[in-house]
Amino acid sequence: MEKEARDALATRDSIKPWFIFGNSRAFLVKGKPWLEDMNRFSNNSIRVEFEGPEIPQEELYDVFRPYGKIHDIVPQPSSNKDTPRFATIWYTSLRSAAAARNCLHNAVIPSSLPIPSPPPPTVLRILYNERQRPHFIRDWATAHPRIVVPIIITLIGGLSWAVFDPIREFFVKQKVEGTWDTKHWQIITWLKKETLGRLGLSSVRNSAPSTGIEQERENAKELLSTWLRDVPDTFILVTGPRGSGKTALVEEVLADSPNVLTIDCAAICKNARTDTKLVSELASAVGYWPQFVLAASLNQLIDLASVGLIGQKAGFSASLDTQLKQILEVASSALKSLAAEHGARLLKANKKAEEDRQNAEKREAVALQLKTEGVKDGRIDTVAGNGAMSELGGGIERPSEKGASVIVGPSSARAVKEIADGGCPSERLGGLPIVVIKGFAAKGETKQEVLWDVIAEWAATIVENQVAHVIFASDSVTLAKPLAKALPNKPFNQISLNDASPESALQYIETKLSEAGGTGTLSDESRPHISKLGGRQTDLELLVQKIRAGLNAEEAVEDIVSRNATELRKTFFGDDEEEAKTLKWTRAQAWFLAKGLSRSGELKYADVLVNPPFKSDESALRALENSEMITIHHKEGRPSLIRPGKPVYRSAFQQLLDDSVFSATIEYGINAKSTASATAEVDAAAKSLIELGQLFEGGRWAFGGSKTVPKEIEVRVASLLADMREAEVKLEQLGKKKVELLKVLAEAT
């Protein structure tokens, strides 16, 4: 019967399930199958319980082997006294275990022992073994961290690349295109035009430049616009002192540009107190979102834990420059996508221009034929019934051998209409993306130096690949150093904006006042006062606003100077002695520069550096430059001159000197420190003289017993006495100065 069933299965393949790839098999059921619907699932391991005498492994193998290959048979340990007795059989396949259970459950197995009185037969009870490894994956993962951790890192990186990077690139593109910027919305532009424009409050100026400053700005704008129309191959630098109009110049040129990405490095560094905050600020500047700040902190903790677990970092956390590069790489992808769209539009426009050119040539030929030969339509013969053409029912004459155009039916109407309309307007094209980087290469901490290097390398990459134009607007004198490292052997396109000359400044003020409806003429008395402001454009614009508000020129200038003097007093000298201790320079150093710059307007860098109160303290000068109290001008790559941070600061310094109370307070503090220093010099010289005197005992030289004083000792004693005399004279002068200062402070109100 079993053989017949197998033969029937072999001949009837249609009853074979789709999930069985091997041959179909059939077995004789020797027991009584247990059909149940409990939560017991098939397993390749079965538990065979013996109801009767225990069956040895050899017999079990013979009984269970026909149903499939057996991996192992494990009898019940002798130490285990549980009943009924059992054995565990492991099959190599699940089908074999299921067949054995269904065919042998409740089967009766007689004893095969060759003895006269064999034991009674054994009934088999077969169950599936329960899986005993619920935490297999977790246990394996914790036991193999060197394999699991790299796999997890790869999966997370792949997920970020496949899911989050396209989202981030989308938001960067929205940032560049200004989708969420209301200034680019047409409805907002229309409202400004119809409200502020009609009231004359719009900031747009349509008149031609009439002053030297404006003419210089117009020339710079034209030059910048010319560079932006070319293919990008190098950086564009817009340099000049703070307040010279760099940002306004760039914004005015790019007012109508569709794709502009602005990165304000000054704002990024101002808000970035930690590396994480620096990364977050850069991401916000380029529109990089979503950004998982908490995940970055967790990655650092995971790396710390992995060091103790596997002896090395897992690689979850990245260094500062790596994180910055990842953000800028996404920005590069977005800019490249915009550049590709621009290239497609340009290709389409060129193709359309070529078609327009060909159509224009055809229209010219049609117009010429209309003037000479007229319209020739072969279908007229059909209507008139001219011989064969009438029988054929239609016809179009071919162009003549001379190449004359033939106008037929609807084509003629369309051609004539195109001639009347003058053709279609050309498509307006948008330019390549433009990246504006403001405040680049400002002096700061080490992490800011990392930011400069990363941004410079990124900018060089997108310029070399002609993805976008890059404009650097900065007042840093060391701007070109990191850029030259990133883009060597290429000259930069540079625009330098300087302070206006006194004549140009006066002309600018008169022109602005005349545009506002005033007389536009300054009195001779006001001109010397206006010269105190210098030629910084922001200060000149502020002066014009104050004069328009009703102040005269003298009052407006004094107000501006007073405000700058108050700013200098608070920023560079501190409100009190405690606050002054937190500054990176001393009050004496700032006061020395204020007095020197108020007198001559510039100081020699080397002379200031080597003499008191700086005494080669170059860090203090650099800190004062970063705080914009002074500007250090370079010559042939080295510091040369020190000038005020703004031209108006010279007048503000003078106002601080004219403030007797403030001047006396600063001088008194400097006097006290100088007195302490001079006293210390006297004490040190006296101590040295006493030590030299101890070298003579009983009038004899301690080394050799000679009564003659060595020449070296005489020179040293003379030098010490000269130092003491100089210090004593200085103390006397400081004492007199102290009395004068105390008198001034006592009379102050």
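As the structure is a prediction and not an experimental result, all values here were calculated from the model. Counting restarts for each chain: residues are numbered from 1 in the order of the written sequence. Reporting in this predicted model follows two pLDDT cut-offs: at least 70 for local features of residues, and 80 or more for side-chain atom pairs to be given and counted; totals over whole chains, interfaces and linings ignore these cut-offs and use all residues. The basis for the side-chain values is all heavy atoms of the structure; hydrogens and waters are excluded.

Draft legend 1. Structural detail: the overall build of the chain. Within the chain, the regular secondary structure consists of 29 helices and 15 strands. For the chain, the residues scored as buried account for 34% of the 749 residues in total. Counting contacts in the chain only where the partners sit at least 6 residues apart, residues at least 24 apart contribute 70% of the total. Each accessible area is a Shrake-Rupley result for a 1.4 Å probe, and residues are judged covered by the shown protein chains and nothing else. Of the roughly 45100 Å² of accessible surface on the chain, 55% is carried by carbon and sulfur atoms. Numbering of helices and strands runs from the N terminus; a helix is a DSSP stretch of H or I covering at least four residues, while a strand is a stretch of E covering at least two. Relative accessible area decides the class of each residue, using a 1.4 Å probe on protein chains only: under 20% of the type maximum gives buried, over 50% gives exposed, and in between gives partly exposed. It only takes one pair of heavy atoms within 4.5 Å for two residues to be counted as in contact.

Draft legend 2. Molecular detail of the nonpolar core. Core analysis: the biggest nonpolar cluster contains 51 residues, and Phe-235, Ile-263, Val-435, Phe-440 and Phe-472 have the highest contact counts within it. If near-sequence neighbours (up to four positions away) are discounted, Phe-235 is found in contact with Ala-456, Ala-459, Ala-460, Val-463, Val-470, Phe-472, Leu-483, Leu-487, Phe-492 and Asn-493. With 49 residues, the next largest nonpolar core counts Leu-543, Ile-560, Phe-614 and Ile-642 among its residues. Definition used in this section: a nonpolar core is a set of buried Ala, Val, Leu, Ile, Met, Phe, Trp, Tyr and Cys residues joined via side-chain atoms within 4.5 Å.

Draft legend 3. Spatial organisation of helix H24 (residues 587-600). In this analysis, the expected span of each helix is defined as 1.5 Å times one less than the number of residues it contains. Relative to the 20 Å expected for 14 residues at 1.5 Å per residue, H24 spans 20 Å between its end C-alpha atoms, a close match to the ideal helical length. Regarding H24, the residues found buried are Arg-587, Gln-589, Ala-590, Trp-591, Leu-593, Ala-594, Gly-596, Leu-597 and Ser-598. Residue Gly-601 follows H24 closely and has a positive phi angle near 85°.

Draft legend 4. Examining the packing of aromatic side chains more closely. Pairing of aromatic rings covers Phe, Tyr and the six-membered ring of Trp, with a centre-to-centre limit of 6.5 Å; geometry is then stacked below 30 degrees between planes, edge-to-face above 60, and tilted otherwise. Using the criterion set out here, one finds 13 aromatic pairs in the structure. Aromatic side chains Phe-235 and Phe-492 sit 5.6 Å apart centroid to centroid with 40° between the ring planes, which places their arrangement in the tilted category. Linking Phe-235 in the loop between helix H8 (212-229) and strand S6 (236-239) with Phe-492 in the loop between helix H18 (480-486) and strand S10 (493-496), this pair joins segments that are 257 residues apart in sequence. Exposure class is identical for Phe-235 and Phe-492. Each is buried. Put simply, the rings of Phe-235, Phe-440, Trp-452, Phe-472 and Phe-492 touch in pairs and so form one group of aromatic residues. Placement of a charge over a ring requires the Lys NZ or Arg CZ to be within 6 Å of the ring centre, with the centre-to-atom vector within 35 degrees of the ring normal. Above the face of the Phe-86 ring, Arg-47 is positioned so that its terminal group lies 3.8 Å from the ring centre. The ring centre of Phe-662 lies 5.1 Å from the NZ or CZ of Arg-569, which sits over that ring.

Draft legend 5. Local environment of the packing of helix H11 (residues 275-286) against helix H13 (residues 320-372). Geometry is summarised by axes, namely lines fitted to C-alpha atoms with helices restricted to the contacting stretch, and by angles between N-to-C directions that run from 0 to 180 degrees. Between H11 and H13, the shortest axis-to-axis distance is 10 Å and the interhelical angle comes to 10°. With respect to each other, H11 and H13 are oriented roughly parallel. Within the contact between the two elements, H11 uses Asp-275, Leu-278, Val-279, Leu-282, Ala-283 and Val-286 and H13 uses Leu-320, Gln-323, Leu-324, Ile-327 and Leu-328. Just so you know how the angles are binned, under 35 degrees is roughly parallel, over 145 roughly antiparallel, 65 to 115 roughly perpendicular, and the rest oblique.

Draft legend 6. Quick peek at the pattern of salt bridges. Here a salt bridge means any side-chain nitrogen of Lys or Arg lying within 4 Å of a carboxyl oxygen belonging to Asp or Glu. Per the stated rule, a full pass over the model turns up 32 salt bridges. Residue Arg-125 pairs with Glu-51 through a salt bridge whose shortest N-O separation is 2.7 Å. Remark: Glu-51 occurs in strand S1 (residues 45-51) and Arg-125 occurs in strand S5 (residues 122-128); sequence separation between them is 74 residues. Across the pair Arg-536 and Asp-499 runs a salt bridge, and its minimum N-O distance is 2.6 Å.

Draft legend 7. Region of the structure containing the sheet that holds S6. Pairing between two strands is assigned when DSSP locates at least 2 bridges connecting them. Across the sheet, five strands lie side by side as S7-S8-S9-S6-S10; this open sheet has parallel pairing. The open sheet has two edge strands with one neighbour each: strand S7 (260-264) and S10. Averaged over all neighbouring strand pairs, the angle between strand axes comes to 15°, with direction disregarded. Pairing between strand S8 (residues 434-438) and strand S9 (residues 469-474): five bridges, direction parallel.

Draft legend 8. Examining the sheet that holds S5 more closely. Pairing in this open sheet of five strands is antiparallel, and the strands run S2-S3-S1-S5-S4 from one edge to the other. In this open sheet, the two edge strands, each paired with only one partner strand, are strand S2 (70-75) and strand S4 (108-109). Here S1 pairs with strand S3 (residues 86-91) via five bridges, running antiparallel. Bridge pairing in S3 links Arg-47 to Thr-88. In this fold helix H3 (residues 94-104) packs onto S1, S3 and S5, with an angle of close to 140° to the strand it touches most, S5.

Draft legend 9. How the structure looks around the packing of H24 against helix H28 (residues 660-693). Contact geometry for H24 and H28: axes closest at 10 Å, N-to-C directions at 130°. The pairing of H24 with H28 is recorded here as oblique in orientation. In this structure, H24 crosses over H28, and the sense of that crossing is left-handed. Residues Arg-587, Ala-588, Trp-591 and Lys-595 of H24 touch H28, and the partners they reach there are Phe-662, Ser-663, Ile-666, Glu-667 and Ile-670. Helix crossings fall into two classes, left-handed where the near helix is turned counterclockwise from the far one by less than a right angle and right-handed where it is turned clockwise.

Draft legend 10. Fine view of the confidence of the model for the chain. pLDDT is a residue-level measure of predictor confidence that goes from 0 to 100. Residues with a pLDDT of 70 or more make up 85% of the chain, whose mean pLDDT is 83. Ignoring residues within four places in sequence, the model shows residues 393-430, a span with pLDDT below 50, making 52 contacts including any to other chains.

Draft legend 11. How the structure looks around unusual backbone geometry. Thr-83 connects to Pro-84 through a cis peptide bond whose omega is -5°. By the secondary structure assignment, Pro-84 is in the loop between S2 and S3. The omega torsion across Trp-289 and Pro-290 is 5°, close enough to zero to call that bond cis. As for its position among the elements, Pro-290 is in the loop between H11 and helix H12 (293-310). For Gln-466, which is not glycine, the phi torsion reads 55° and is therefore positive. For Gln-466, the location among the structural elements is in the loop between helix H17 (446-464) and S9. Gln-466 gets classed as partly exposed once you look at its relative accessible area, which sits at 45%. Even without being a glycine, Asn-489 presents a positive backbone phi close to 60°. Structurally, Asn-489 is set in the loop between H18 and S10.

Draft legend 12. Looking closely at the environment of Ser-640. Relative to the elements of secondary structure, Ser-640 occurs in strand S13 (residues 638-644). Along the backbone, Ser-640 and Tyr-605 are 35 residues apart, and their C-alpha atoms lie at a distance of 5.3 Å. Apart from residues no more than four positions distant in its own chain, Ser-640 is found in contact with Leu-603, Lys-604, Tyr-605, His-633, His-634 and Lys-635.

Draft legend 13. Inspection of a nonpolar patch on the surface at higher detail. To count toward a patch, a residue needs a relative accessible area over 30% and no salt bridge; like charges are then connected within 9 Å, while nonpolar side chains (Val, Leu, Ile, Met, Phe, Trp, Tyr) are connected within 5 Å. On the surface, a nonpolar cluster with roughly 620 Å² of combined accessible area is contributed by Phe-136, Ile-137, Trp-140, Ile-147, Ile-151 and Leu-155. At the level of elements, helix H4 (136-143) and helix H5 (145-177) are the ones that each hand at least two residues to the nonpolar patch. Within the secondary structure, Phe-136 is located in helix H4.

Draft legend 14. Structural view of the environment of Ile-73. Structurally, Ile-73 is set in strand S2. On the basis of relative accessibility, which here comes to 11%, the residue Ile-73 falls in the buried class. Taking the C-alpha atoms as reference points, Ile-73 and Ala-87, separated by 14 residues in sequence, lie 7.1 Å from one another.

Draft legend 15. Expanded view of the state of the cysteines. Two cysteine sulfurs form what is called a disulfide whenever their separation falls within 2.5 Å. Within this structure, the stated rule accounts for zero disulfides. Counting only cysteine sulfurs, Cys-265 is the nearest neighbor of Cys-269, a cysteine outside any disulfide, at a range of 6.3 Å.

Draft legend 16. Main features of the environment of Lys-743. Tracing the backbone shows Lys-743 in helix H29 (residues 711-747). Residues Lys-743 and Ala-664, spaced 79 residues apart in sequence, show a C-alpha to C-alpha distance of 9.5 Å.

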